[in-house]
Amino acid sequence: MAKVTIDGQSIEVPDGTTILQAARMIGGDNVPPAMCYHSKLKTSGGYCRTCIVKVSKGSDKDPRPMPKLVPSCRTTVMDGMEVQNNTSPEVLEARRGVVEFLLINHPLDCPICDQAGECHLQDLGYENGAAKTRYDFPRRKFNMIDIGPYIKMHMTRCIMCFRCVKVADQITDNRVHGMINRGDASEISTYIEKAITNDFSGNMIDVCPVGALTDKTFRFKSRVWFTKPMDAHRDCKKCSGKVALWEKGNEVLRVTSRKDKWGESEEWICNECRFEKKNIKDWVIEGPRHIDRHSVISLNHYENVVAKLKIDIAKQQKQLVDKK
Amino acid sequence: MQPLTNRSKVVVKKEMSLYEKIYLPAIISGMMITFSHFFRKKPTIQYPEQKREFSGTYRGQHVLKRDEIGAERCTACGLCAVACPAEAITMIAGERKKGEEKLYREEKYAVNYEINMLRCIFCGDCEDACPKEAIFLTDRMVKPENNRGSFFYGKDILVEGVEKEKRIDISRRQTAEVLEFKKHKEFDHNR
């Protein structure tokens, strides 16, 4: 066990825990934001540098501070470590710089993008970004690519977090896409625009922190904040079948995996559940999904007793009918 | 009958005097009031021919603007609908096809855009929310209609014409101060 202090709050965590994980255990406002780190994907993190923190005391044995800011998703804690996140102006300044770099080539097409409203980069930019860009040169331009029948890729929006590549590596057996070219010219691509047809390829959409990979069956259907998120499940042979439905009226517009409060998928779901089961009768509705009240999606979203009661009553009525 | 409250008054039918009986003085005094109104300034105007001067910040019927080449600016982002306190705005988005670049400015556009003018309170929040400078409130009045259904204004009424003479001038409300203020994106209001 190691005792670590983050922004003055202490916690005992097992050895090998990263600073980011320890910060998430404490929770609250002092959790560093993360774009490329995904708790369910091994070896993710370390690319985007948004989660950098200052280690003001290395450990009890060696109290010297670390010479540079470190990425908290890749740095493991040591006993007696003291970390500064929001309390250090140096970190905030550096993070602003990182956000500015991420936004250099990111187009300002949030009004068009389907990810708007649940985009991590939007949140990050709002909290840490400058209102204006200092970059005068034209942004990178790519054509949209259809990868497979269900996924559309906007390379212009990509921030090179590698999450989708890791998904393909770790939960599917045959990866057909990856990063090609180097540095400023790098892009996610499939070789010769090969279709991604794996059964779990849809999870790429969920892990994408921006709107680079979007669901073609949901494309421009509705803004996220006009849909009602519901927890639902069905018997699926391939996956757990536990999903979040995004409804409008009685129509299921989109099916996604359930995301935890850090916006990371809890369980992977298969393409059949995600793209083909768009009828509300395919699903057993559990109740309204919990949405953070700071999110724009919480607009007109009621998870209160009445909504739950309605579903309860419907269940009981169904049981009565079944008995008869 | 017993009165229910003390407030009720019993009407007494009094015998009229001779002066009251001939009625003429009462009629003349009444007509005096009527005739005196002929010589007063009229508070009404003949509306369609004559128009009152509007305040510079008058907010009337909405317009969906086109850009310089005549493409629709609206991209159906839904921010006006979120900002609308009366929930008067609804829209359905669609994807622009190849060859429609001159019709729609962005990759996505509003296939349907409807404002319920009975719900609208003309607060102008939609205008403030619009990131594409597409929707504006103008100094035009919303026309009276015979039935409720006609107040659902679709794109046929809201979108301005392509031709120069059919463009709707919105510069009246956009005073120099407003334009200067909108430049400052660092203000909370303009974010």
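Undergrad: Which residues make up the overall build of chain A, and what values go with them?
TA: When helices and strands are counted, chain A shows seven helices and 14 strands. What you see for chain A is a C-alpha radius of gyration of 21 Å, in line with the 20 Å of a compact globule of 324 residues. Counting only C-alpha atoms and orienting by the principal axes, one finds that chain A spans roughly 75 × 45 × 40 Å. A separation threshold of at least 6 residues defines the contact pool for chain A, and within that pool the share at least 24 residues apart is 62%.

Undergrad: Requested: an account of the overall build of chain B, with residues and values cited.
TA: When its secondary structure is counted, chain B shows six helices and five strands. Counting from the amino terminus, helix and strand elements in chain B follow one another as α-α-β-α-β-β-α-β-β-α-α. Relative to the 2.2 N^0.38 estimate, which gives 16 Å for 191 residues, the radius of gyration of chain B is 28 Å and therefore markedly larger than a compact globule would have. Dimensions of chain B along its principal axes, counting C-alpha atoms only, are 90 × 45 × 35 Å. Going through the 191 residues of chain B one by one, you find that 17% of them count as buried. Contacts in chain B between residues far apart in sequence, at least 24 positions, make up 74% of those at least 6 positions apart.

Undergrad: Let's hear about the interface of chain B and chain A: which residues, and what values?
TA: Counting residues at the interface gives 14 residues for chain B, matched by ten residues for chain A. At three residues, strand β2 (residues 89-95) of chain B tops the list of elements feeding residues into the side of chain B that touches chain A. Of the residues contributing to the side of chain B that touches chain A, the split by class is four nonpolar, three polar and seven charged.

Undergrad: So what's going on with unusual backbone geometry? Which residues, and what values?
TA: Despite not being glycine, A:D7 shows a phi value in the positive range, around 50°. Among the secondary structure elements, A:D7 is positioned in the loop between β1 (2-6) and β2 (9-13). Although it is not a glycine, B:F122 adopts a positive phi angle of roughly 55°. Here B:F122 is to be found in the loop between β3 (108-116) and α4 (125-129).

Undergrad: Before we move on, could you go through the confidence of the model for chain A and cite the residues and values that matter?
TA: Looking at chain A as a whole, the pLDDT averages 87, with 97% of positions reaching at least 70. Per-element confidence in chain A is highest for strand β4 (residues 70-71) of chain A, whose mean pLDDT is 94, and lowest for strand β9 (residues 187-190) of chain A, whose mean pLDDT is 72.

Undergrad: Please give an account of the sheet that holds β2(B) that cites residues and values.
TA: All names here are of chain B. If you trace the three strands from one edge of the open sheet to the other, you get β2-β3-β5, paired in antiparallel fashion. Edge positions in the sheet fall to β2 and β5 (152-153), since each has one partner strand and no second. Relative to β3, β2 runs antiparallel, the two being bridged by seven bridges. When the sheet's bridge partners are listed, G94 is paired in β3 with Y109.

Undergrad: Would you mind going over the domain arrangement of chain A in detail, with residue names and values included?
TA: When the parts of a complex come together, some accessible area is lost, and that lost area is often taken as the interface size. All names here are of chain A. Domain assignment breaks chain A into domain 1 (2-98), domain 2 (105-131 + 140-215) and domain 3 (224-317). Look at where the C-alpha atoms of domain 2 and domain 3 centre, and you get two points 23 Å apart. Contact residues are listed per partner, giving 13 residues for domain 2 and 15 residues for domain 3. Among the elements that make up the side of domain 2 that touches domain 3, the one with the highest residue count is helix α5 (residues 203-207) (three residues). The class makeup of the residues in the side of domain 2 that touches domain 3 is four nonpolar, five polar and four charged.

Undergrad: Tell me about the sheet that holds β2(A), and name the residues and values.
TA: Residue and element names in this part refer to chain A. A sheet is described by the order of its strands in space; here five strands give the open sequence β2-β1-β5-β3-β4, paired in mixed fashion. Each having just a single partner strand, β2 and β4 make up the two edges of the open sheet. With five bridges joining them, β1 and β2 adopt antiparallel strand pairing. Across the sheet, the residue bridging to T5 is S10, located in β2. Sheet strands in contact with helix α1 (residues 19-26) are β1, β2, β3 (52-57) and β5 (81-84), and its direction is about 115° off that of β2. Helix-sheet contacts for helix α2 (residues 89-104) involve β3 and β5, and the interaxial angle to β3 is about 160°.

Undergrad: Lay out α2(A) in plain terms, naming residues and giving numbers.
TA: Residues spaced three or four apart along an α-helix point in a common direction, a consequence of the helix completing one turn every 3.6 residues. Residue and element names in this part refer to chain A. Along its 16 residues, α2 runs 23 Å from first to last C-alpha, staying within 8% of the 22 Å computed at 1.5 Å per residue. Those residues of α2 not exposed but buried are V91, R95, V98, V99 and L102. An end-on view of α2 places all buried positions within 100° of arc, on one side of the element. Facing away from the buried side of α2 by more than 90 degrees, the exposed set consists of P89, E90 and E93. The inward-facing, buried residues of α2 abut β3, β5 and α3 (120-128).

Undergrad: So, the environment of A:R182: which residues are in play, and what are the values?
TA: Residue and element names in this part refer to chain A. Note that R182 resides in the loop between β8 (177-180) and β9. Note on R182: 7 C-beta atoms within 10 Å, which makes it exposed. The spacing of R182 and W246 is 64 residues in sequence and 37 Å in space, taken between C-alpha atoms.

What counts as what
- Here the residue index of a chain counts from 1 through its sequence in written order.
- The naming scheme follows written order: chains are lettered A onward, ligands numbered 1 onward.
- Reporting of local features is limited, given that this is a predicted model, to residues whose pLDDT is at least 70; pairs of side-chain atoms are given and counted only at 80 or more, and all residues count toward the totals for whole chains, interfaces and linings.
- Every helix listed is a DSSP run of H or I at least four residues long, and every strand listed is a run of E at least two residues long, numbered separately from the N terminus.
- Our radius of gyration looks at C-alpha atoms and nothing else; its globule reference is 2.2 Å times the residue count to the power 0.38.
- A residue pair is marked as a contact if its C-beta atoms, positioned from the backbone, fall within 7 Å.
- The burial label depends on the number of other C-beta atoms within 10 Å of a residue's C-beta. Counts of 20 or more mean buried, 12 or fewer mean exposed, and intermediate counts mean partly exposed, with C-beta atoms placed from the backbone.
- Residues are grouped as follows: Ala, Val, Leu, Ile, Met, Phe, Trp, Tyr, Cys and Pro are nonpolar; Asp, Glu, Lys and Arg are charged; all remaining types, including Gly, are polar.
- Looking at any residue, its pLDDT shows the predictor's confidence there, from 0 to 100.
- A strand pair is defined by DSSP finding two or more bridges across the two strands.
- As used throughout, domain bounds are those supplied by an automatic or database domain assignment.
- Only the contacting stretch of a helix is used when fitting its axis, a line to C-alpha atoms as for every element, and angles between N-to-C directions run 0 to 180 degrees.
- Multiply 1.5 Å by the residue count of a helix minus one, and that product is the helix's expected span.
- When we speak of the arc, we mean the arc of directions from the helix axis to the C-beta atoms.

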